[in-house]
Amino acid sequence: MKKGQFSLVFASFFGAAMIAAAFAYSNWRYSEYKFIDFSKLFFYTKKDIFTPKQDVYTVVVYSSKMQKFDTILEKISKDNTILAIDMFQGKRGKDGNVIYVSSGMNTILKVVQQFNIYDLPSAFRIKRFQKENFKQDSLIEVIE
């Protein structure tokens, strides 16, 4: 193999490796974010289907049978509207800056699995990505 051919083969290999690395990095970065699509997953307030109106929410996943929500509320930021998902599926409606929602167990389990929630109560922020599709915008915080 001549010197020029070697350079050409090396450049082609290097170019292909760079494209593969960029693609892998892009996939890794994108998979880092979790999404929740409210047009596919339905949550219920006391008497209505929840439809997001804000661009940012703080989601709190908790169980109303484990502790009172007021004790959880004291420990989280109230900068955004709070979307409280009750694992026990209690229906409370809206109370100030807190929207209490419930859903069927399959929907709640999808959220728990999608966001890798292992402890209750947990909180994280979501931000509107497209229409009713929201993207996780913070780490999952276990509320002690």
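Relevant structure appears above.
Residues numbered from 1 in each chain as written. Predicted model: local features only at pLDDT ≥ 70, side-chain atom pairs only at ≥ 80, totals over all residues. Heavy atoms only, no water.

Honestly, the overall build of the protein in this entry has me stumped. Any pointers?
In terms of regular secondary structure, the protein is built from 3 helices and 8 strands. Secondary structure elements in the protein, listed N-terminal to C-terminal, are α-β-β-α-β-β-β-α-β-β-β. By the burial criterion, 34% of the 144 residues in the protein qualify as buried. Long-range pairs, those at least 24 residues apart, make up 58% of the contacts in the protein with a sequence separation of at least 6. Just so you have it, the protein exposes about 9,600 Å², and 57% of that area is on carbon and sulfur atoms. (Helix = DSSP H or I, 4+ residues; strand = E, 2+ residues; numbered from the N terminus. Buried < 20%, exposed > 50% of the residue type's maximum accessible area, 1.4 Å probe, protein only. Contact = heavy atoms within 4.5 Å. Areas by Shrake-Rupley, 256 points an atom, 1.4 Å probe, with all protein chains shown as cover.)

Just checking my understanding: could you explain the environment of V98 for this structure?
Here V98 is to be found in strand β5 (residues 98-101). The class for V98 is buried, based on a relative accessible area of 3%. Once the C-alpha coordinates of V98 and I82 are considered, the two residues, 16 residues apart in sequence, prove to be 4.7 Å apart. Sequence-distant contacts of V98, defined by excluding residues within four places in its chain, comprise F69, L73, I82, A84 and G93.

Teacher, can you tell me more about unusual backbone geometry here?
Among all residues except glycine, the phi angle is most often negative; among peptide bonds, the trans geometry is most common. Residues L120 and P121 are joined by a peptide bond in cis, for which omega reads -10°. Positionally, P121 belongs in the loop between α3 (105-114) and β6 (122-130). The backbone of N116 sits at a positive phi, close to 55°, despite the residue not being glycine. Among the structural elements, N116 can be located in the loop between α3 and β6. In this structure, K131 takes a positive phi of about 40° despite not being glycine.

Explain the nonpolar core here, please?
Here is a general trend for soluble globular proteins: nonpolar side chains tend to be buried in one another's company. The biggest cluster of nonpolar side chains holds 21 residues, and the ones touching the most others in it are I36, F38, F43, F50, L83, I85 and I126. In this structure L83 touches F38, F50, Y57, T58, V59, V60, I99 and V101, once residues within four positions along its chain are discounted. Counting residues in hydrophobic clusters, the runner-up holds 12 residues, among them I76, A84, A123 and I143. (Core = buried A, V, L, I, M, F, W, Y, C linked by side-chain atoms within 4.5 Å.)

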